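# Remarks on the overall topology
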Amino acid sequence: MSVAINESVKKIEDKLIQYRRDFHQYPEPAWTEFRTTSKIIHYLKEWGYSIKFNSDIIAEEAMMGVPSEAHLEKCMQRAIEQGADPELVQLMKGGKTGVVAELDCGPGPVIALRFDIDSNDIQEVETDDHRPYREHFSSKNPKAMHACGHDGHATIGLGTAEILASMKDQLSGKIRIIFQPGEEGVRGARAMVEAGVVDDVDYIIGGHIGFKAENNGDLICATNKFLATTKLDVIFTGKPAHAGAAPQEGKNALLAAASAALNLHAISRHGEGASRINVGVFEAGQGRNIIPPNALIKLETRGESSTIDQYMVAEAKRIVQAAATMYDVTCEIKVMGGTSSGTSDLDIADIVAESAQAIPYFTNIVKSMDFGAAEDFAHLLSTVQENGGKGTYYMLGAKRAAGHHDDHFDFNEEVLAAGVELNVRTVLKVAGKAQ
Ligand SMILES: [Zn+2]
């Protein structure tokens with residue numbers, strides 16, 4: 001069987017590279033993955049999966065950081081022009097992108113595999129030292145680029161789906177393949193959790209190309225200590241007035257925001273673990289001689305545990321409100337994204353490690369590593385764990401042309417087939433009939 005899996009993955013390797021290069025050319029940031037989702041659904045149906053999308057997998061009230069209606073409309077139109085199925089695109093109205101596919105293999109565990117599919121808000125570089133440009137598969141969408149490798153994740157998801165479908169008679173239980181929108185800005189997982197996508201899941205596997213697995217052949221089987229995080233936008237609204245003739249009639253939103261920004265960085269540390277806060281954007285005012293009636297700050301909090309992050313958020317909200325009160329302006333706080341903390345189960349990581357030993361690509365297999373960053377897989381994982389299930393998040397090593405979120409980002413495509421084989425072997429170990 002060992003050789004057979006390797007051969008069936010080899011057979012689709014060229015196709016995997018084509019998928020990846022197609023997704024790379026048409027990158028779609030969070031909640032606008034209309035074309036990407038449409039293409040994925042098309043393939044999944046061909047392989048006999050039952051498909052769920054739209055409100056069945058996305059709880060509207062839990063969607064965070066959704067672009068404006070007008071922007072969504074534009075992206076839907078673009079997706080259709082770029083080859084998406086118009087009917088499917090209409091059904092994803094409101095940004096309800098992403099898809100969950102299921103293969104029912106009879107009684108047995110529910111095993112979920114999660115792949116994120118969104119791109120970044122980055123303009124891809126167009127110079128000959130950048131392979132995607134040189135080889136004509138760089139982004140066709142302005143200010144959008146797959147600079148994190150999610151084009152590779154969507155591809156690995158498709159490859160895994162195709163091979164597993166061809167081995168259905170060797171599997172038991174339910175194989176659920178989750179193509180998640182909006183990972184960037186940690187916006188998408190919560191809406192899927194709230195829609196019940198992982199409620200009955202016994203095992204969940206997710207992963208990422210690169211990050212701490214920096215070289216070809218590296219594999220980190222479990223990632224620990226995901227930081228919990230919350231992304232907030234705060235809009236302060238005051239009252240404009242002539243700064244020379246009648247400043248007493250104005251209400252200064254800029255000063256309220258400035259006071260908030262300074263004091264947000266003065267939140268006391270938490271005794272139970274690491275925390276972070278950053279005000280990363282500050283925009284305010286209209287003109288030199290006008291009391292500024294408007295201000296916007298964008299900030300994020302992080303915590304080693306969800307409790308610590310919630311403490312940071314509660315303090316941040318208190319400080320923002322107090323700053324608004326001090327300057328007699330109003331403030332609106334919008335949650336733009338967020339995810340919980342999380343840690344992988346090492347016994348599941350052992351299964352991943354065992355699977356990797358049969359794959360020649362993986363030459364440096366590491367059991368586990370701390371993450372020290374946020375990924376909204378943590379929300380899916382911790383939900384599964386709270387319900388008594390288990391899971392792990394692996395990192396697939398691949399040589400990169402530049403760091404994640406860099407406009408020169410690119411990765412060694414050999415990792416695609418290796419990632420597919422790793423998933424297939426892991427699923428077989430967990431849900432194979434031979435077990
Ligand atoms: Zn990423």
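The following refers to the structure shown. (Residues numbered from 1 in each chain as written. Predicted model: local features only at pLDDT ≥ 70, side-chain atom pairs only at ≥ 80, totals over all residues. Heavy atoms only, no water.)

### A short note on the nonpolar core
This is how it is decided: Working definition of a nonpolar core: buried Ala, Val, Leu, Ile, Met, Phe, Trp, Tyr and Cys residues. They are joined through side-chain atoms within 4.5 Å. Burial classes follow relative accessibility: with a 1.4 Å probe on protein chains only, a residue under 20% of its type's maximum area counts as buried, one over 50% as exposed, and anything between as partly exposed. Counting from the N terminus, the helices are DSSP H or I runs at least four residues long and the strands are E runs at least two residues long. Contacts are residue-level and defined by heavy atoms, with any inter-residue pair within 4.5 Å sufficient.
Tyr49 and Ile175 are the most contacted members of the largest nonpolar core, which has 103 residues in total. Examining the composition of this core, we find that 11 residues originate from one element, helix α12 (residues 414–431), more than from any other. The contact partners of tyrosine 49, leaving out residues within four places of it in the chain, are Leu44, Ala101, Glu102, Leu103, Ala161, Leu164, Ala165 and Ile177. Phe236, Ala261, Leu264 and Met312 belong to the second largest nonpolar core, which has 22 residues in total.

### Topic: the coordination of the zinc ion
Here is the rule we go by: Here a donor is an N, O or S atom found within 2.8 Å of the metal, or within 3.2 Å if the metal is Na, K or Ca; sites may look incomplete because water is not among the atoms.
Here the zinc ion is held by Cys148 (SG), His150 (NE2) and His208 (NE2), and the distances to it run 2.1 to 2.3 Å. Each donor residue of the zinc ion lies on one chain, and together they are spaced C-x1-H-x57-H. Here histidine 150 is found in helix α6 (residues 150–166), whereas its partner histidine 208 is found in strand β5 (residues 203–209), with 58 residues between them in sequence. Residue classification places histidine 208 among the buried residues on the basis of a relative accessible area of 2%.

### Some remarks on the pairing of β5
Stated formally: A pair of strands is treated as paired once DSSP finds two or more bridges between them.
Burial runs high along β5: 6 of the 7 residues are buried. As defined by bridge partners, strand β3 (residues 110–116) adjoins β5 across 4 bridges and the pair is classed as parallel. Residue arginine 114 lies in a different strand from β5, and its bridge partner there is glycine 206. Pairing of β5 with strand β12 (residues 390–396) involves 7 bridges; the strand directions are parallel. Counted as the bridge partner of isoleucine 205 is threonine 392 from β12.

### Details of helix α3 (residues 69–81)
To be explicit about the condition: Here the expected span of a helix is defined as 1.5 Å times the quantity of residues minus one. Throughout, the arc means the angular range of directions from the helix axis out to the C-beta atoms.
The first and last C-alpha atoms of α3 sit 19 Å apart over 13 residues, in line with the 18 Å expected at 1.5 Å per residue. Looking only at α3, the buried set comprises Leu72, Cys75, Met76, Arg78 and Ala79. The arc enclosing the buried residues of α3, seen along the axis, measures out at 165°, which places them on a common side. Facing away from the buried side of α3 by more than 90 degrees, the exposed set consists of Ala70, Lys74 and Glu81. Each element contacted by the buried residues of α3 is listed here: α2 (34–46) and α4 (86–91). Just downstream of α3 lies glycine 83, where phi reads positive at about 105°.

These results come straight from atomic positions and should not be treated as a statement about function.
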